[in-house]
Structures are given as C-alpha cells and as structure tokens.
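# Chain and residue survey
As a plain string of letters, each chain reads:
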Amino acid sequence: MEDHLSFNSPRRTLSYSRNKGATFSVFEADNKASGVGVSGEHGPNPSEVYGFVGAISTVVATVIFMVWAYVPDPWLHSIGIFYYPSKNWALVLPTYAMVTAVTMFLFYIGLNFMATPPPTSLNSIYDENSKDIVCFDPALEKDDRPIEPYSDIGLDKINMLVFKEWKQ
C-alpha cells in the first residue's frame with residue numbers, strides 16, 4: 001500500500017516521502033492501482049465482451065438482411081442459396097418494428113397519465129414529502145443565522161406573492 005504522501009497518476013507514482021527522498025516508479029500495464037491497461041488475471045470484463053459480440057453480430061445481421069432484401073432471386077440461386085424467407089418480410093419486419101416502437105411510446109405516455117393525479121386533486125400540491133418551513137430564532141443577528149433547510153412554500157404564500165396586486 002502506498003503512503004499518504006504520494007502523487008498518483010494513471011502512468012506513474014511520484015512519492016515525496018521524507019524517509020526515502022523523491023522516488024519515481026512506473027507501474028506495469030496490468031497493475032490494478034494504475035487504473036489503465038489489461039484487467040489482470042480475470043480477463044476482460046464480461047460486459048465488454050457482450051458489447052463487442054453484440055456490435056459485430058448486429059453489423060453481420062444487417063448485411064445479411066440487406067443482401068437478402070435487395071439482391072434478386074436469380075443471383076442468390078447462382079451462388080447456391082435456395083432457401084430463404086419470402087421477400088415480403090423485407091417490408092413486414094421493419095414495419096412491425098416501427099409500429100411496436102410507436103405503440104410502446106404511446107403506452108408509456110398513457111401509463112404516466114394514469115399515474116398522475118387529476119389537476120383538481122390536492123395530491124398534486126401536497127404529498128408525504130412536503131416539508132413545512134422551519135423557523136429559527138429571530139433574535140439572532142442576520143449574519144449568525146444558519147442556512148435554512150429546503151422546504152416547500154405554501155400555496156397561500158405563493159398566491160399572496162403572485163396575486164397581491166389584484167387584491168388591491
């Protein structure tokens with residue numbers, strides 16, 4: 001473990017310890033203290049591997065889909081490909097994906113509308129997390145008062161501030 005008088009960098013450690021004098025050391029590429037380099041004994045992170053395989057397989061699947069959708073049937077037969085789905089699916093699959101995405105978006109908006117209280121409900125003004133203003137001792141001077149914790153401003157005070165001109 002390094003002592004508390006060290007300067008850490010991803011590439012080097014410079015120590016200003018009085019006992020040893022100024023020393024300079026370069027970490028190995030697999031040293032975990034450096035924060036860079038190879039992951040060490042355990043190999044690559046699984047999420048990195050899954051991301052890489054997912055990216056490569058997405059590109060391969062897209063290329064295969066485009067070849068299947070745009071290359072004429074006689075060309076596919078000439079290279080020995082005889083079994084493939086109907087070309088109608090080249091239109092059906094993207095259309096189905098877009099309709100599914102739009103439906104999910106509208107369903108999400110509908111769920112939010114269902115979870116929101118109506119405008120006439122007091123639950124849209126007050127809830128279990130509402131906090132009243134905490135008043136401190138007014139005898140203290142202005143500079144000696146602590147910072148007030150955050151709180152909700154009451155609806156009556158907001159109405160008074162916004163609409164006090166209309167009352168007069």
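For the structure itself, consult the block above.
What comes next concerns the included structure. Treat the numbers as computed from the prediction; the structure is a model and nothing was measured.

## Examining the overall build of the chain
Tallying secondary structure elements over the chain gives four helices and three strands in all. The order of α-helices and β-strands along the chain, N terminus first, is β-β-β-α-α-α-α. Scored against the burial criterion, the 168 residues of the chain give a buried share of 7%. Restricting the contact set of the chain to residue pairs at least 6 apart, pairs at least 24 apart contribute 11%. By element, 65% of the accessible surface of the chain is carried by carbon and sulfur atoms, the whole surface being about 15300 Å².

## Structural notes on the environment of Thr100
Structurally, the position occupied by Thr100 is in helix α3 (residues 89–115). Here the side chain of Thr100 touches Tyr96 through a polar contact of 2.7 Å, landing on its backbone oxygen.

## Regarding the packing of helix α1 (residues 46–70) against α3
Where α1 meets α3, the closest approach of the two axes is 10 Å, and the angle between their N-to-C directions is 135°. Viewed along their axes, α1 and α3 adopt a mutual orientation that is oblique. Each of Phe65, Trp68 and Ala69 in α1 lies in contact with α3, whose residues at this interface are Trp89, Ala90 and Pro94. Within the contact of α1 with α3, the residues separate by chemical class into six nonpolar, no polar and no charged.

## Quick look at the layout of surface pockets
Approximately 150 Å³ is the volume attributed to the largest pocket. Lining the largest pocket are 11 residues, with Tyr126, Asp152, Ile153, Gly154 and Leu155 sitting closest to its centre. Residues that form the lining of the largest pocket fall into these classes: six nonpolar, two polar and three charged.

## As for the pattern of salt bridges
Counted by the stated rule, this structure contains one salt bridge. A salt bridge links Asp73 to Lys87, with the shortest nitrogen-to-oxygen separation between them at 3.9 Å. Here Asp73, found in helix α2 (residues 73–78), pairs with Lys87, found in the loop between α2 and α3; they are 14 residues apart in sequence, far enough to count as distant. Judged by relative accessible area, Lys87 falls into the partly exposed class, the value being 25%.

## Some thoughts on a negative patch on the surface
Negative charge collects at one region of the surface, where Asp127, Glu128, Asp132 and Asp152 lie side by side. Along the chain, Asp132 turns up in the loop between α3 and α4 (155–167). Since its relative accessible area comes to 69%, Asp132 is described here as exposed.

About the criteria used
- Residues numbered from 1 in each chain as written.
- Predicted model: local features only at pLDDT ≥ 70, side-chain atom pairs only at ≥ 80, totals over all residues.
- Heavy atoms only, no water.
- Helix = DSSP H or I, 4+ residues; strand = E, 2+ residues; numbered from the N terminus.
- Buried < 20%, exposed > 50% of the residue type's maximum accessible area, 1.4 Å probe, protein only.
- Contact = heavy atoms within 4.5 Å.
- Areas by Shrake-Rupley, 256 points an atom, 1.4 Å probe, with all protein chains shown as cover.
- Polar contact = N/O pair within 3.5 Å; in protein donor to acceptor, adjacent residues only side chain to side chain.
- Axes fitted to C-alpha atoms, helices over the stretch in contact; angles between N-to-C directions.
- Parallel < 35°, antiparallel > 145°, perpendicular 65-115°, else oblique.
- Nonpolar A, V, L, I, M, F, W, Y, C, P; charged D, E, K, R; others polar.
- 1 Å grid on protein atoms, 1.4 Å probe; cavity = no way out; pocket = protein on both sides within 12 Å on 5 of 7 lines; lining within 4 Å.
- Points joined across faces, edges and corners; volume = space filled by probe spheres on them.
- Salt bridge = Lys/Arg side-chain N within 4 Å of Asp/Glu carboxyl O.
- Patch = residues over 30% accessible without salt bridge, like charges linked within 9 Å, V, L, I, M, F, W, Y side chains within 5 Å.
- Lys, Arg positive; Asp, Glu negative; His and termini not counted.
- Charge placed at Lys NZ, Arg CZ, Asp CG, Glu CD.

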